[in-house]
Amino acid sequence: MNANIILDYLSGLENHNNREWYHANKEQLKKANQEFEDLIQSLLLEIGRTDSSVLHNAPKDLTFKLVRDTRFSADKTPYNPSFRACISSKGKLPIPVGYYIFIKPNGRSFLGGGLFADMFKDATTMIRDHIVENGEDWRRIITDPTFKKHFTVKGNTLKNVPRGYDKEHPQSEYLKNKSWYLEYTLTDEQITDDRFVHLAAEIFEAMQPFNAFLNRALEKFEMPKHP
């Protein structure tokens, strides 16, 4: 994998975020896309050593488009100058939770895990209830030395513990969350390093107990059906 091809293309797109430049550089995009899909394939194989549930995925099914939906946004730039992919047992669906990779030049890349989406009220309730019932398991996961070395739990939160939950619960701080996720920031140098896939797989492996806890909570969750 040549990650410089990815970063160079994204830098160009960010500096010329218009349809003219995008269409004039389709060949460069094709090469960058191929490099990114090769990266995802390598990651699938490495992650699969400790989480075989992801191995059936095809890389192209896990990536997100560069084209932005600007209909309801004040920002009318047509493209999102980043390469993104979500790897889970059910492809790139937000639930069940899995592993997220976000590449954007100049140190804005990261590896992620957990539940980023907070629009699913059922999912939020399921996770809160699971934390209430399994508070000691949650504490053990987030205080593990390997976890603490790499991560802190992030997410959109309420100001107070929601109604119906014990404000005195040992994990009450996390009951305020509407989403629960992890981010491990990356430098451009890490991404272009020959050992990047190994590093990424190592970080993703460190996320697995956290992801597994959330997925146990979300075992009966069903994605909303579109009308």
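The structure this text deals with has already been given above.
These numbers come from a predicted model, not from an experiment.

Novice: Go over the sheet that holds strand E4 (residues 180-186) with me, naming the residues and quoting the values.
Specialist: The strand order E1-E2-E3-E4 describes an open sheet built from four strands, whose pairing is antiparallel. Each edge of the open sheet carries a strand with a single partner, namely strand E1 (83-87) and E4. Neighbouring strand axes in the sheet, compared pairwise and without regard to direction, differ in orientation by 15° on average. Relative to E1, helix H3 (residues 26-47) is tilted by about 25°, and along the sheet it contacts E1 and strand E2 (98-103).

Novice: Could you give an account of the layout of surface pockets, naming the residues involved and the relevant values?
Specialist: There is about 300 Å³ of room inside the largest pocket. Forming the boundary of the largest pocket are 19 residues, of which Cys-86, Pro-94, Tyr-100, Phe-116 and Ala-117 lie nearest the centre. Secondary structure elements with two or more residues in the lining of the largest pocket: E2 and strand E3 (109-115). A class-by-class count of the residues in the lining of the largest pocket yields 14 nonpolar, three polar and two charged. As a volume, the second largest pocket reaches approximately 190 Å³. Looking at the second largest pocket, the residues that line it are Tyr-22, Leu-29, Asn-33, Phe-36, Glu-37, Thr-63, Phe-64, Lys-65, Leu-66, Val-67, Phe-83 and Arg-84. Sorting the residues of the lining of the second largest pocket by element identifies H3 and E1 as the ones contributing at least two each. Tallied by class, residues from the lining of the second largest pocket come to seven nonpolar, two polar and three charged.

Novice: An account of the packing of H3 against helix H9 (residues 196-217) is requested, with residue identities and associated values reported.
Specialist: Two elements in contact, H3 and H9, have axes separated by 9 Å at closest approach and are oriented at 50°. One finds that H3 runs oblique with respect to H9. Remark: the crossing between H3 and H9 carries right-handed chirality. Between H3 and H9, the residues in contact are Leu-39, Ser-42, Leu-43, Glu-46 and Ile-47 and Phe-196, Val-197, Ala-200, Ala-201, Phe-204 and Gln-208, respectively.

Novice: Outline the packing of helix H5 (residues 135-142) against H9, listing residues and values.
Specialist: How two helices pack is summed up by the angle between their axes together with the distance between the axes. At their nearest, the axes of H5 and H9 sit 9 Å apart, and the two run at 155° to each other. In terms of orientation, H5 and H9 fall into the roughly antiparallel class. Helix-helix and strand crossings are classified by hand; for H5 and H9 the assignment is left-handed. Counted together, Asp-137, Trp-138 and Ile-141 of H5 and Pro-209, Phe-210, Phe-213 and Leu-214 of H9 form the full contact between these two elements. For the contact of H5 with H9, a count of residues per class yields six nonpolar, no polar and one charged.

Novice: Tell me about helix H1 (residues 3-15), and please be specific about residues and values.
Specialist: If you check H1, its first and last C-alpha atoms are 19 Å apart, about what 13 residues at 1.5 Å a residue would give, namely 18 Å. Taken residue by residue, H1 has Ala-3, Ile-6, Leu-7, Tyr-9, Leu-10, Gly-12 and Leu-13 as its buried positions. Looking at the buried residues of H1, the elements they touch are helix H2 (19-24), H3, E1, E2 and helix H8 (188-192). Its side-chain oxygen 3.1 Å from the backbone nitrogen of Asn-4, Asn-2 forms the N-cap of H1.

Novice: Account for the side chain of Ser-179, naming residues and giving values.
Specialist: In this fold, Ser-179 is placed in the loop between helix H7 (172-175) and E4. What Ser-179 contacts, discounting residues up to four positions off in sequence, is Leu-115, Phe-116, Ala-117, Asp-118, Lys-154, Gly-155 and Asn-156.

Novice: I'd like to hear about the nonpolar core, residue by residue, with values.
Specialist: Counting residues in hydrophobic clusters, the biggest one holds 63 residues, and the most contacted among them are Tyr-9, Leu-43, Phe-83, Ile-101, Ile-103 and Leu-111. Looking at this core element by element, the count peaks at 12 residues for H9. Residues within four places of Ile-101 in sequence aside, it is in contact with Phe-36, Leu-39, Ile-40, Leu-43, Phe-83, Arg-84, Ala-85, Phe-110, Leu-111 and Phe-196.

Novice: Kindly report on the environment of Ser-89, identifying the contributing residues and their values.
Specialist: Within the secondary structure layout, Ser-89 lies in the loop between E1 and E2. In contact with Ser-89, other than residues within four places in its own chain, are Ser-53, Val-54, His-56 and Pro-96.

Novice: Now, about the packing of aromatic side chains: what can you tell me, with residues and values included?
Specialist: The final tally for this structure, using the stated rule, is 16 aromatic pairs. Taken together, the ring pairs in this structure connect Trp-138, Phe-147, Phe-151, Tyr-174, Phe-210 and Phe-213 into an aromatic cluster. Lying over the aromatic face of Phe-64, Lys-92 brings its terminal NZ or CZ to 4.8 Å of the ring centre.

Rules used in this analysis
Residues numbered from 1 in each chain as written. Predicted model: local features only at pLDDT ≥ 70, side-chain atom pairs only at ≥ 80, totals over all residues. Heavy atoms only, no water. Pairing = 2+ DSSP bridges. Helix = DSSP H or I, 4+ residues; strand = E, 2+ residues; numbered from the N terminus. Axes fitted to C-alpha atoms, helices over the stretch in contact; angles between N-to-C directions. Contact = heavy atoms within 4.5 Å. 1 Å grid on protein atoms, 1.4 Å probe; cavity = no way out; pocket = protein on both sides within 12 Å on 5 of 7 lines; lining within 4 Å. Points joined across faces, edges and corners; volume = space filled by probe spheres on them. Nonpolar A, V, L, I, M, F, W, Y, C, P; charged D, E, K, R; others polar. Parallel < 35°, antiparallel > 145°, perpendicular 65-115°, else oblique. Left-handed = near helix turned anticlockwise from the far one by under 90°. Expected span 1.5 Å × (residues − 1). Buried < 20%, exposed > 50% of the residue type's maximum accessible area, 1.4 Å probe, protein only. Polar contact = N/O pair within 3.5 Å; in protein donor to acceptor, adjacent residues only side chain to side chain. Core = buried A, V, L, I, M, F, W, Y, C linked by side-chain atoms within 4.5 Å. Phe/Tyr/Trp six-rings, centres within 6.5 Å; stacked < 30°, edge-to-face > 60°. Lys NZ or Arg CZ within 6 Å of the ring centre and 35° of its normal.

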